[in-house]
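Summary of structural features
Each chain, written out:
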Amino acid sequence: MAQSDVDLKFPGSGAALQSSPPAKRIKRGINNFADAGVSEEDPPFKYPRLAETIPAKFHTEPECEDLRSRLPYSPCSLEAAKAGLVNRPIRVYADGVFDMYHAGHARALLQAKTCLPNVYLLVGVTSDKQTHRLKGNTVMTEWERYETLRHCRYVDEIITDCPWNITLDFIEKHRIDFVAHDDLPYNSGSSTDIYAPIKAMGKFVATQRTDGVSTSDVIARIVKDYDHYLRRNLARGYSRKDLNIGYLKEKKLRISHNVDKVKEQIGEKKDNLVSLLDKTGKELIGKWEEKRQEFIMKFIELFGKDSTFQQFIGDSSGAIIRAVSPPPHSGLTEDQFVSLSDDDSYYDADDSSQGPSRY
């Protein structure tokens, strides 16, 4: 696909940014439009907004506290916010544990950021103490979860140790306009849905969950291949105490790891041998194809009807027959031949045809 045919779309832009034709594209490092092949009549090329290099602020930082103090709490309706009738950023709040931050979290935060025009996104992250008490143990510490969320490009402000249940005082303190979360009832303790009061106030904006992607799903994958990850971490230098396993379990895992390594080595050698045999076979077939006609002609020359081999066989057969058969004598019977052979005078004759002379 040609570069000029590509449409570049950016989140929140609404329309596609059409790339410039090659003849008018601004060259890297050139500030003069004439040198770049762009006329002054053409609109200047506008780069998309680049990713931030500064992480999101914590709510305790002076910049965030100063913003809240200068911003009076003036609730707006959802209809006015959707219509773009509010002349300030809309403060949307999304909360959660955010343990083992994954694609489902990122997609939910993107929906919260884009649910309304001009959103300032606040993200509340629960502490270890209340999460362990109300939900269970986490894999990541609270600091790790806070710090991970700071580096999501959609987040403007992090509220650490956020409350499990959102109260009106909390909403007023942080100047929250709307709360974004998926619409499924979230029961906790005696409450069947901790977001029910927010929904009743008309301050709830629903997002969609990403099916098959959750912290529980990720943990289930790890548990499913539990032994595999134990063996991998043992091989990387972790001790059995680090992994909370017994002595016998450690030995069993190490033996299994070594057996698998031997199997892999055998498999690699087997694959190499098969590859070598395949290569050798192909080479032999190639040589046969090249020399096939020559081989056939030599075979015919050697073993054909009038071949040297057939002549050799014929000559040899004749020699063998002559060697084992008596010489021919005209007019003599076998008895006469024997009688003459016993007569010494037979060999004294001058006629050489009567037989060889005696020495």
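Residues numbered from 1 in each chain as written. Predicted model: local features only at pLDDT ≥ 70, side-chain atom pairs only at ≥ 80, totals over all residues. Heavy atoms only, no water.

Concerning the pattern of salt bridges
- Using the criterion set out here, one finds 15 salt bridges in the structure.
- Notably, a salt bridge pairs Glu61 with Lys57, separated by 3.9 Å at the nearest N-O pair.
- For Glu61, a relative accessible area of 22% translates into the label partly exposed.
- Overall, Lys57 belongs to the partly exposed group, its relative accessible area being 25%.
- The partner of Glu250 in a salt bridge is Arg240, and the shortest N-O contact between them spans 3.7 Å. Of this pair, Glu250 sits in helix α11 (residues 247-303) while Arg240 sits in helix α10 (residues 240-243); the two residues are 10 residues apart in sequence, bridging distant segments of the chain.
- Counted as one network, the salt bridges with shared partners bring together Lys57, Glu61 and Glu63. (Salt bridge = Lys/Arg side-chain N within 4 Å of Asp/Glu carboxyl O. Buried < 20%, exposed > 50% of the residue type's maximum accessible area, 1.4 Å probe, protein only. Helix = DSSP H or I, 4+ residues; strand = E, 2+ residues; numbered from the N terminus.)

Some remarks on the sheet that holds strand β7 (residues 178-182)
- Strands sit in the order β3-β6-β5-β4-β7-β8 across an open sheet of 6 strands; the sheet is parallel. If you trace the sheet from one side to the other, it starts and ends with β3 (57-58) and β8 (204-207), each paired once.
- Where strand β4 (residues 90-96) and β7 come together, 2 bridges link them in parallel fashion. Looking across to β7, one finds that Tyr93 is bridged to Val179.
- Contacts between helix α3 (residues 103-114) and the sheet are confined to β4, β5 (119-125), β7 and β8, with β5 contributing the most and set at about 140° to the helix. (Pairing = 2+ DSSP bridges. Contact = heavy atoms within 4.5 Å. Axes fitted to C-alpha atoms, helices over the stretch in contact; angles between N-to-C directions.)

What about empty space enclosed by the protein?
- Summed over all chains, the structure comprises 1 cavity of 30 Å³ or more.
- Considered as a void within the structure, the largest cavity measures approximately 40 Å³ in volume.
- Classifying every residue of the lining of the largest cavity gives 3 nonpolar, 1 polar and 4 charged. (1 Å grid on protein atoms, 1.4 Å probe; cavity = no way out; pocket = protein on both sides within 12 Å on 5 of 7 lines; lining within 4 Å. Points joined across faces, edges and corners; volume = space filled by probe spheres on them. Nonpolar A, V, L, I, M, F, W, Y, C, P; charged D, E, K, R; others polar.)

Description of a nonpolar patch on the surface
- On the surface, Val139, Ile219 and Val223 cluster together into a nonpolar patch covering about 260 Å² of accessible area.
- Secondary-structure assignment places Val139 in the loop between α4 (128-134) and α5 (142-150).
- According to the relative accessible area criterion, Val139 is exposed, its value standing at 53%. (Patch = residues over 30% accessible without salt bridge, like charges linked within 9 Å, V, L, I, M, F, W, Y side chains within 5 Å. Areas by Shrake-Rupley, 256 points an atom, 1.4 Å probe, with all protein chains shown as cover.)

Describing the packing of aromatic side chains
- Applying the stated criterion across every chain yields a total of 2 aromatic pairs.
- On the basis of an interplanar angle of 55° and a centroid distance of 6.1 Å, the ring pair of Tyr195 and Phe204 is categorised as tilted.
- Residue class for Phe204 comes out buried when judged on its relative accessible area of 12%.
- The aromatic ring of Phe204 is capped on one face by Lys199, whose charged end is 5.0 Å from the ring centroid.
- Cation over ring: Lys203 sits above Phe178, and NZ or CZ is 5.9 Å from the ring centre. (Phe/Tyr/Trp six-rings, centres within 6.5 Å; stacked < 30°, edge-to-face > 60°. Lys NZ or Arg CZ within 6 Å of the ring centre and 35° of its normal.)

A closer look at the confidence of the model for the protein
- Looking at the protein as a whole, the pLDDT averages 79, with 71% of positions reaching at least 70.
- Here strand β2 (residues 17-18) stands out as the element of the protein with the lowest mean pLDDT, 38, in contrast to strand β6 (residues 157-160), whose mean of 98 is the highest.
- Low confidence marks residues 1-36, where pLDDT is under 50. Its contacts with residues over four positions away, or in another chain, come to 36 contacts.
- Note that residues 352-359 has pLDDT below 50 and, in this model, 6 contacts with residues that lie over four places away or in other chains. (pLDDT = per-residue confidence, 0-100.)

Description of the side chain of His59
- Relative to the helices and strands, His59 is located in the loop between β3 and α1 (62-70).
- Leaving out residues up to four positions away in the same chain, His59 has contacts with Cys64, Glu65, Arg68, Glu157, Ile158, Ile159, Thr160 and His174.

A closer look at unusual backbone geometry
- For Asn118, which is not a glycine, the phi torsion comes out positive at approximately 60°.
- By secondary structure assignment, the location of Asn118 is in the loop between α3 and β5.
- In this structure, Arg175 takes a positive phi of about 55° despite not being glycine.
- Positionally, Arg175 belongs in the loop between α6 (168-173) and β7.

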